[in-house]
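# Coordinate inspection notes
Given next are the chains, with one letter for each unit.
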Amino acid sequence: MSRPTVAGVARVAGVSVASVSRVLNGLPATEEMVERVQRAVEELGYVPDSRARSLKVGRTFQLTLAVADVGNPVYVTMMRAVEEVVSAAGYRLVVTTTGPDVVDEVALVRGLARGYADGLVISPLRVDDDLIKSIRECDVPVVVAGNVPASAGVDTVRANSPKGMRLAVEHLLAKGRKRIAFVNGPVDTVPGAARAKGFADAMKENKLQSVAEVEAVDFTFAAGREAGRELLETLSGGHGGATGKADAVIAANDLLAVGIMHELAARDLAVPADVAVIGMDDSELAEQSFPPLTSVNLGSAERGRRAAELLLARIEDSTRTPRRIVVQPTLSVRRSTP
């Protein structure tokens, strides 16, 4: 049996080949026209030849989302939001992991010249001049879900981490917690640098000094447990550092926070009775942890949606003035804080 064709769909639908092409490519068409074509497609079992379509219009109708770690719940939330927007516009979404190294991020961007995608949303963990240069020189549009200098001249969507830290510190103060410790991820990363500055500024604004600060090796649960051990040893004087007792810990993301809570439990310290814990990202993990984790919502879904919209707009008009969007945070209060 021969493969169904556009001409066959047009014949069964009783419309022109041009009308079938309009519907299949998602171009404006009447409701009646769309229904007739869709019925014919289903009746014949027609499957569009994506390769021929790509050659004809000069597009793959495929977009890429690149994140540091697809296992991180915050990136899963972002991915779902991006996919919802681009699929509605007729694109497939391919998700890839860059890992923590900027060299791999640069290689990914430069690889887009091979023509396997029409555009890229990238959430880089680290940014350097080579990455910015590769984004600016890329043959297809690139939107950054993260923070790059305005001089880069690219579309960006980023979280307001400093404001998020203020929300966390002020919430703890309102609950009577003043002996606050901070567990960050690597400070040479985009989120690590932003959250370190945000914490320092928030503590200074409230005339407080942190009882201890620990830098985890990365932003994972395992790193959170290790950082929790280091924090508790530091507070007890085991590392020759600060002594005393923290009554609250702010972690740079939810994975770190849950790792810290596991370490506290292992040492018979109750959350929040002994130590209150706040995370950042407000991922699904925050609700699934025990106790449920108070977390700063940095708008990962909204950032994903806005980034996808910017990418589609850039594909349609490459001469647009680059936009820099900042998504504002909120605080989701749960039982890990009193």
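Structural data are supplied above this passage.
This report concerns the structure included in the present document. The numbers attached to residues start from 1 for each chain and follow its sequence in the written order. Given that this is a predicted model, residues contribute local features only at a pLDDT of at least 70 and side-chain atom pairs are listed and counted only at 80 or more, while totals for whole chains, interfaces and linings are drawn from all residues. Hydrogens are left out, water is left out, and the side-chain values use all remaining heavy atoms of the structure.

Turning our eyes to something else, we now look at the sheet that holds strand E2 (residues 92–97). Strand order across the open sheet formed by six strands is E2-E1-E3-E4-E5-E11, with parallel pairing between neighbours. At either end of the open sheet lies a strand with only one pairing partner, and these are E2 and strand E11 (324–327). Geometrically, the sheet is characterised by an average inter-axis angle of 15° between neighbouring strands, direction not taken into account. In this scheme, strands are said to pair when DSSP sees at least two bridges between them. Per the convention used, a helix needs a DSSP run of H or I reaching at least four residues, while a strand needs a run of E reaching at least two, with both numbered from the N terminus. In the sheet, strand E4 (residues 142–145) pairs with strand E5 (residues 155–159) via three bridges, with the strands oriented parallel. Within the sheet, the bridge partner assigned to Val144 lies in E5 and is Thr156. Of the strands in this sheet, strand E1 (62–67), strand E3 (119–123), E4, E5 and E11 touch helix H13 (residues 300–316), which is tilted by about 175° from E5. Simply put, an axis is a line fit to the C-alpha atoms, just over the touching stretch for a helix, and the angle between two N-to-C directions goes from 0 to 180 degrees. We call two residues in contact whenever any of their non-hydrogen atoms come within 4.5 Å of each other.

A few words now on helix H3 (residues 31–44). Along an α-helix, a turn takes 3.6 residues, which lines up residues three or four apart on a common side. Take the number of residues in a helix, subtract one, and multiply by 1.5 Å to get its expected span. Spanning 14 residues, H3 covers 20 Å between terminal C-alpha atoms, matching the ideal 20 Å at 1.5 Å per step. Of all the positions in H3, only Val37, Ala40 and Val41 are classed as buried. When H3 is viewed along its axis, its buried side chains cluster within an angular range of 100° and face the same direction. When the buried face of H3 is taken as reference, the exposed residues oriented beyond 90 degrees from it are Glu31, Glu32, Arg39, Glu42 and Glu43. As for H3, its buried residues are in contact with helix H1 (6–13) and helix H2 (17–24). Backbone geometry just downstream of H3 places Gly45 in the positive-phi region, at approximately 70°. Working definition: with a 1.4 Å probe on protein chains only, accessible area under 20% of the residue-type maximum means buried, over 50% means exposed, and in between means partly exposed. An arc is given here, and it is the one of the directions from the helix axis to the C-beta atoms.

Before going further, it helps to spend a moment on the side chain of Thr156. Mapping Thr156 onto the fold places it in strand E5. If we skip the residues at most four places from it in the chain, Thr156 touches Val144, Gly146, Val148, Leu310, Arg323, Arg324 and Ile325.

Within a sheet, each strand pairs with its neighbour through backbone hydrogen bonds, oriented either parallel or antiparallel. Strand order across the open sheet formed by six strands is E7-E6-E8-E9-E10-E12, with mixed pairing between neighbours. The sheet is open, and its two borders are formed by strand E7 (212–215) and strand E12 (330–332), each paired with just one other strand. Averaged over all neighbouring strand pairs, the angle between strand axes comes to 20°, with direction disregarded. Judged from the three bridges that link them, strand E9 (residues 276–280) and strand E10 (residues 294–297) form a sheet pairing that is parallel. Directly across from Met280, in E10, lies its bridge partner Val296. Strand contacts of helix H11 (residues 254–266): strand E6 (180–184), strand E8 (248–251), E9 and E10, with the helix running at about 155° to E9, the strand carrying the most contacts.

What follows concerns the nonpolar core. The biggest cluster of nonpolar side chains holds 55 residues, and the ones touching the most others in it are Leu63, Leu231 and Val277. Among the elements that make up this core, the one with the highest residue count is H11 (seven residues). Aside from chain neighbours lying at most four places away, what touches Val277 is Val249, Ala257, Met261, Leu264, Val271, Leu293, Thr294, Ser336 and Thr337. Definition of nonpolar core: a set of buried residues of the types Ala, Val, Leu, Ile, Met, Phe, Trp, Tyr and Cys, connected through side-chain atoms within 4.5 Å. Counting 19 residues, the second largest nonpolar core, distinct from the first, contains Val102, Leu108, Leu112 and Val142.

Position of Arg303 among the secondary structure elements: in helix H13. Among buried charged residues, Arg303 stands out as having no salt bridge; its nearest opposite-charge side chain is Asp281, 4.6 Å away. Discounting chain neighbours no more than four positions away, the residues touching Arg303 are Val74, Met78, Val157, Arg158, Ala159, Leu298 and Val327. His is not counted, nor are the chain ends, whereas Lys and Arg count as positive and Asp and Glu as negative. Salt bridge, as applied in this entry: a Lys or Arg side-chain nitrogen positioned within 4 Å of an Asp or Glu carboxyl oxygen.

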